[in-house]
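Descriptive structure summary
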Amino acid sequence: MAWRSCFMKWTQINSINASSLCPKSTRLNIHPQQRCGFRKTERPSESKKGVQETEAEAGGHNRAVPPKPVPPLPPRRPHQLFRPLVFTVGFTGCSFGAAAILQYESVKSRVQLAIEEAKEEKRDTLLEGHDTTYWHNWWNQLSNFQKQVILLISAVDDFWSGLSEGQKTVTGIIALNTVVLCCWRVPAMQRFLVKYFTSNPASKTRCLPMVLSSFSHYSVIHMVVNMYVLWTFSSSIVSLLGREQFLALYLSGGVISTFVSYVFKTATGRLGPSLGASGSIMTVLAAVCTKIPEAKLGIVLLPVISFSAGNALKALVALDIAGLVLGWRFFDHAAHLGGALFGVWYIGYGHELIWRKREPLIKFWHELRNMSPGRPGPGGGGG
């Protein structure tokens with residue numbers, strides 16, 4: 001039976017070599033709505049360890065080692081989607097309600113500011129000669145360093161004034177994403193960030209990360225690409241919707257796209273964390289392309305190529321559908337597709353259904369605001 005022992009030993013060695021060539025499944029996959037570089041420490045293969053222990057116990061005799069059972073897929077628990085669903089509906093409603101109130105307060109403050117500026121302008125015309133002499137003497141008394149600081153502040157103020165309202169709004173979003181990106185580089189904060197700034201339907205904390213993950217990027221390249229696209233379309237979307245409605249659409253798009261990702265991951269059993277602003281940006285991109293489908297777009301590195309916004313949206317949606325069907329896991333295609341569909345729906349139906357019916361809420365807020373103690377009467381508030 002020596003040939004049988006030799007054959008079994010040869011088969012055993014080949015199976016060990018083949019298993020060492022197979023990709024290990026000890027990585028924590030994070031979709032960008034992307035996959036990042038988080039990796040668990042690789043442990044020695046269980047199959048190798050089992051073979052070595054069996055050979056040692058056998059005292060050198062060759063024995064057939066039973067194959068390790070394949071670990072089952074994570075259990076699907078659809079009931080865990082109930083709380084994220086309630087959170088998605090509630091957060092979306094509160095976002096647009098708060099945006100309506102903020103827009104009312106913004107318009108009111110702008111009217112009051114315009115009235116005050118008109119009064120100050122009349123006052124300045126009367127004292128123009130005295131003010132010019134005073135400021136000229138004040139400037140001559142400053143040192144060179146103080147003058148350079150004032151000129152630098154003036155240049156920054158001129159740059160900020162030259163930005164559109166959309167670019168100013170997006171600047172705050174870029175700043176928040178940059179802060180979170182820097183926090184990812186602090187090892188002591190990574191456990192906290194994984195818990196609250198990555199969305200995962202298998203996690204115990206599922207609702208709050210639906211919002212916070214939209215401001216979280218682990219890869220610098222991924223954040224730069226996302227923020228560049230958002231900066232490019234910021235002026236168009238804010239001019240169409242206004243700053244407050246844009247913020248509500250952006251935040252709601254992030255939550256809704258994450259919920260769609262939750263549903264897809266739970267249905268397929270491919271549970272894993274995701275992060276990134278791709279879902280929100282796809283909502284903004286789809287809204288602009290739906291509202292202005294004839295707009296011409298281009299690629300930065302290929303300025304010769306241009307295409308319409310409508311065709312670009314169709315290509316992106318087709319790409320995400322192909323990613324879902326073929327099982328691509330580099331991006332969270334379900335989140336992309338959910339954000340794009342929400343952007344198209346909002347421009348087609350949601351704007352009329354949600355935003356144009358905000359008047360009762362504004363009236364209620366106006367009455368509540370005037371009834372609060374320490375506030376002026378109805379004459380102090382604008383309509």
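Provided above is the structure to which this section pertains.
Below or above, wherever it landed, is the structure these notes cover. The structure displayed is predicted, hence computed values, not measured ones.

**What to know about the packing of helix α12 (residues 309–326) against helix α13 (residues 333–353)**
The geometry of α12 relative to α13 is characterised by a closest axis approach of 9 Å and an angle of 145° between their N-to-C directions. The handedness of the crossing between α12 and α13 comes out as left-handed. For the pair α12 and α13, contact is made by Leu 313, Val 317, Leu 319, Asp 320, Ile 321, Gly 323 and Leu 324 and by His 333, Ala 334, His 336, Leu 337, Ala 340 and Val 344, respectively. For the contact of α12 with α13, the residue count by class is 9 nonpolar, 3 polar and 1 charged.

**Focus on the nonpolar core**
What tends to happen in soluble globular proteins is that the nonpolar side chains get buried as a cluster. Of all hydrophobic cores here, the largest spans 39 residues; its most connected members are Met 227, Leu 230, Ile 237, Phe 246, Leu 249 and Tyr 250. Residue assignment for this core shows that the elements contributing at least two residues are α3 (82–126), α6 (165–184), α9 (220–241), α10 (243–268), α11 (278–291), α12 and α13. In contact with Leu 249, not counting residues within four places along its chain, are Phe 96, Ile 237, Leu 241, Thr 283, Ala 287, Phe 342 and Tyr 346. One finds Leu 81, Phe 91, Met 210 and Tyr 262 within the second-largest nonpolar core, a separate group that totals 7 residues.

**Let's talk about the pattern of salt bridges**
Within the structure shown, the criterion is met by 6 salt bridges. Across the pair Arg 243 and Glu 244 runs a salt bridge, and its minimum N-O distance is 3.3 Å. With relative accessibility at 31%, the residue Arg 243 sits in the partly exposed group. Given a relative accessible area of 10%, Glu 244 falls into the buried group. Across the salt bridge formed by Glu 359 and Lys 363, the nearest N and O atoms sit 3.5 Å from each other.

Criteria and cut-off values
- Residues numbered from 1 in each chain as written.
- Predicted model: local features only at pLDDT ≥ 70, side-chain atom pairs only at ≥ 80, totals over all residues.
- Heavy atoms only, no water.
- Axes fitted to C-alpha atoms, helices over the stretch in contact; angles between N-to-C directions.
- Helix = DSSP H or I, 4+ residues; strand = E, 2+ residues; numbered from the N terminus.
- Left-handed = near helix turned anticlockwise from the far one by under 90°.
- Contact = heavy atoms within 4.5 Å.
- Nonpolar A, V, L, I, M, F, W, Y, C, P; charged D, E, K, R; others polar.
- Core = buried A, V, L, I, M, F, W, Y, C linked by side-chain atoms within 4.5 Å.
- Buried < 20%, exposed > 50% of the residue type's maximum accessible area, 1.4 Å probe, protein only.
- Salt bridge = Lys/Arg side-chain N within 4 Å of Asp/Glu carboxyl O.

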